[in-house]
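# Summary of the model geometry
The chain contents come next:
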Amino acid sequence: MLRALAALAVAASASAFYLPGTAPRDYVAGERVDVFVNTLTPMLNSKLKSLISHDYYDERFHFCQPEGGPVRQPESLGSILFGDRILSSPYELAMMANATCETLCRARVPRDDAKFINDRIKEDYGLNFIVDGLPSSEMKRDAKTGEIFLDAQGFSLGDALSDPARPALNNHYDIWVQYHKRDAAHFRVVGLLVYPRSVNSMVPGEAGANCFVGDDDKLYLSETADNEFYYTYSVSFIESDVPWGLRWDMYLHVFDPKIHWFSLINSLVISGFLVFMVAMILYRTVSKDIHRYNAIDLADDVREDWGWKLVHGEVFRSPTRPMLLSVFVGNGVHLVSMVVVTLVFALFGMLSPSNRGSLATVLLICWTLFGGVSGYVSARTYMSLGGENWKPNLALTAALFPTVVFSLIGLLNLFLIGSGASGAVPFGTILAILLLWFLISVPLSVAGYFYGMKHGAVSHPVRVTSIPRQIPPAPSYLGPLPAALLGGILPFGAAFVELYFVLSSIFGNRAYYAFGFLFLTFAVVALTTATVTVLFTYFVLCAEEYRWHWRAFLIGGGSAFWMFAYGVWYWASRLSLDSFTSVVLYFGYLFLFSVLDFLVGGAIGFVAAYFAIRRLYASIRVD
């Protein structure tokens, strides 16, 4: 079993397992190699200092522009949502043609814009180039494993470490293009490295740029006067033995693989212990109770019920707000289906990193196409809980969760627009998503709802009494909020290590590729959530508390509270966000992720508890 898990995790995290996604392009000597530029993003070095990305051709940066202006490149929906804004550039590269100290342009930066650039340097912003679908990178060595890899986080806008009071602008780029020789006349790009440096190349008495001045003669932008300087670059082509099909191997680096394994083994131990514990309870306690209970003659008036058997006439009584609960469960199962299918696609290498934004695109497509799942589950859940007003339930199922998510993202998008960030979602993209929801997801949700109504409510093994029984005082730890907090600890504990890498990927502009570990972690968390919810629900019923429905959902989604708390700790320890907009964006997205986690975990917990209770009460004889 462990060998199979290890093979699955390694296979999915290995970079060579990804399908290329695009056809290779052969270049001949002297052929133009296009260089595209992407947004400037903050780099996660010691601490992340901003969450706002800027367009490369933001007029305040004064970067050199191509003749006729930059041309926007076509991008996928997911790429746009992830903040990519890919444009053409004035860099002129020709295959196999090395170049030294090429002048890009002579830039003039006013003093007001110089302060803006210096502030971005202090916030560790990085530039991002793209050549033949490959992002610009820097070759680094993993300090823990000694493995050499290409870090595609970008390259620094400037240097603020040497002298924090005087940041230096990197105005010269050494571009190294790695190529694989297919035959004597055809070459393929397999790597892109960019090393920036600051050079005060405007030497008095020289007509052009001089890139070979001393290393100490850096370019510092004055904030009290206007600045003039050259942007320059050098190009070198280096032959590589790496074939085109394996060129992403150096990029797809898994940091701290031992930590991933520790997290996975830790999760397996936790889930294994819980499954064993629940199995022992069901086998030794419940089975013994059922056997003793069924052995007594039903006509015997002296029989006395106790514990969970005492509430057999109340356990399937309709809870408070069954409509809202069914909507939550339906949308939660919808999200579970979306996540599982997306992870399966990623696990088998269908989400190629060469297709930028493919993960977000698949998530959006799955969410759209699985609208019928939420309608079907919500309808059957609502009818099983005794609900009768199906029309408002249908409307809430199709509209409540998307409206909340779109409203929150729209509010955060206003903050991005106000700060002038390039990551603000364009109106056309917002309109496309709304059309996907209204024209595809909503009709599928309606169709799924009517299909669920056709199947009707799930049958209950015992009848509900006409008069509710009195509920005795229960232990404080079985209250809704304490139970949710206690029940969420173990599922969160099974995933918190992997969560660290996911947060670093999302907020640190670093791609996440360990989908094998992520898939197994999600499976373990789902199993842990289900077993914890069943266990707490059993304790609740033993306390003669039959109002278990909302408790089961809250216990299943309890890990969301710990996820939010962990996000606050991550903000305090790993981030140093100075601007109000960055703080709002961070906590807005963190709240959104916590809501999604709450719905996913709550749906898993409720469904597991519901069918466990049906199985439990179907095993006893009731008069």
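Structure first, text after, so check above.
An account of the accompanying structure is given in this report. (Residues numbered from 1 in each chain as written. Predicted model: local features only at pLDDT ≥ 70, side-chain atom pairs only at ≥ 80, totals over all residues. Heavy atoms only, no water.)

## Section: the overall build of the chain
The helix and strand inventory of the chain stands at 15 helices and 17 strands. Along the first, second and third principal axes, the C-alpha set of the chain runs to 110 × 50 × 45 Å. Here the chain, with 623 residues, has 51% of them falling under the buried criterion. In the structure as shown, the chain presents an accessible area of about 28,100 Å², 63% of it carried by carbon and sulfur atoms. On the chain, the mean spot of the 45 positive side-chain charges and the mean spot of the 50 negative ones are 10 Å from each other. (Helix = DSSP H or I, 4+ residues; strand = E, 2+ residues; numbered from the N terminus. Buried < 20%, exposed > 50% of the residue type's maximum accessible area, 1.4 Å probe, protein only. Areas by Shrake-Rupley, 256 points an atom, 1.4 Å probe, with all protein chains shown as cover. Lys, Arg positive; Asp, Glu negative; His and termini not counted. Charge placed at Lys NZ, Arg CZ, Asp CG, Glu CD.)

## A few points about the environment of Tyr-173
For Tyr-173, the location among the structural elements is in strand S15 (residues 172-181). With relative accessibility at 0%, the residue Tyr-173 sits in the buried group. Here the side chain of Tyr-173 touches Asn-170 through a polar contact of 3.3 Å, landing on its backbone oxygen. (Polar contact = N/O pair within 3.5 Å; in protein donor to acceptor, adjacent residues only side chain to side chain.)

## Observations concerning a nonpolar patch on the surface
A cluster of nonpolar side chains, contributed by Ile-365, Leu-369, Phe-427, Leu-431, Leu-435, Phe-438, Leu-439, Ile-440 and Leu-444, occupies part of the molecular surface with about 870 Å² of accessible area. Elements with a minimum of two residues in the nonpolar patch: helix H6 (358-369) and helix H9 (427-455). Take the nonpolar patch: its biggest share by element is seven residues, from H9. Within the element layout of this structure, Leu-435 appears in helix H9. (Patch = residues over 30% accessible without salt bridge, like charges linked within 9 Å, V, L, I, M, F, W, Y side chains within 5 Å. Salt bridge = Lys/Arg side-chain N within 4 Å of Asp/Glu carboxyl O.)

## Overview of the side chain of Asp-132
Looking at the secondary structure, you find Asp-132 in the loop between strand S8 (129-131) and strand S9 (134-135). Within the local environment of Asp-132, its side chain forms a polar contact with the side chain of Arg-247, the two groups lying 2.9 Å apart. Residue contacts for Asp-132: discarding those within four places in its chain leaves Arg-25, Tyr-27, Asp-34, Val-189, Trp-244 and Arg-247. (Contact = heavy atoms within 4.5 Å.)

## Considerations on the nonpolar core
Tyr-91, Phe-129, Leu-157 and Tyr-173 are the most contacted members of the largest nonpolar core, which has 73 residues in total. In this view, Tyr-173 contacts Phe-63, Tyr-91, Leu-127, Phe-129, Phe-155, Val-194, Tyr-195, Pro-196, Tyr-231, Thr-232, Tyr-233 and Ser-234; residues no more than four positions away in its chain are not counted. The next biggest cluster of nonpolar side chains, apart from the first, holds 64 residues, and it includes Val-329, Leu-408, Phe-501 and Phe-606. (Core = buried A, V, L, I, M, F, W, Y, C linked by side-chain atoms within 4.5 Å.)

## Examining the environment of Val-336
Residue position: Val-336 is located in helix H5 (residues 322-347). Once the C-alpha coordinates of Val-336 and Pro-110 are considered, the two residues, 226 residues apart in sequence, prove to be 52 Å apart. Setting aside residues up to four positions removed in sequence, Val-336 forms contacts with Val-600 and Ile-604.

## Focus: the packing of helix H10 (residues 480-493) against helix H13 (residues 549-556)
Between H10 and H13, the shortest axis-to-axis distance is 7 Å and the interhelical angle comes to 35 degrees. The crossing of H10 and H13 is right-handed. Here Pro-480, Ala-483, Ala-484, Gly-487 and Gly-488 of H10 lie close against H13, whose contacting residues are Arg-551, Leu-554 and Ile-555. Grouping the amino acids of the contact of H10 with H13 by side-chain chemistry returns five nonpolar, two polar and one charged. (Axes fitted to C-alpha atoms, helices over the stretch in contact; angles between N-to-C directions. Left-handed = near helix turned anticlockwise from the far one by under 90°. Nonpolar A, V, L, I, M, F, W, Y, C, P; charged D, E, K, R; others polar.)

## Notes on the pattern of salt bridges
Per the counting criterion, the structure on display carries 15 salt bridges. The salt bridge involving Asp-174 is made with Arg-197; its shortest N-O contact spans 3.2 Å. Within this pair, whereas Asp-174 is found in strand S15, its partner Arg-197 is found in strand S16 (residues 187-197), the two being separated by 23 residues in sequence. Residue classification places Asp-174 among the buried positions, given a relative accessible area of 18%. Residue classification places Arg-197 among the partly exposed positions, given a relative accessible area of 28%. The salt bridge involving Glu-545 is made with Arg-547; its shortest N-O contact spans 2.9 Å. Owing to a relative accessible area of 5%, Glu-545 belongs among the buried residues under this scheme. The class of Arg-547 is partly exposed, set by a relative accessible area of 48%. Look at the salt bridges and you will find they share partners, linking Asp-26, Arg-182 and Arg-188 into a network.

## Observations regarding the pairing of S16
Working note: regular strand, side chains alternate between the two faces of the sheet. Counting buried positions over the 11 residues of S16 gives eight, a clear majority of the element. Direction of pairing for S15 relative to S16: antiparallel, over a ladder of 10 bridges. By the bridge assignment for S16, Asp-174 is matched with Tyr-195. What sits between the antiparallel neighbours S15 and S16 is a turn of five residues. (Pairing = 2+ DSSP bridges.)

## Regarding helix H7 (residues 371-384)
Here H7 is 14 residues long and its end C-alpha atoms lie 20 Å apart, about the 20 Å a rise of 1.5 Å per residue gives. Here H7 lies mainly inside the structure; 10 of its 14 residues are buried. Turning to H7, its buried residues are Gly-371, Gly-372, Ser-374, Gly-375, Val-377, Ser-378, Ala-379, Thr-381, Tyr-382 and Ser-384. Looking at the packing, one finds that the buried side of H7 touches H5, H6, helix H8 (390-418), H9 and helix H15 (580-617). (Expected span 1.5 Å × (residues − 1).)

Any functional reading would require information that these geometric values do not contain.
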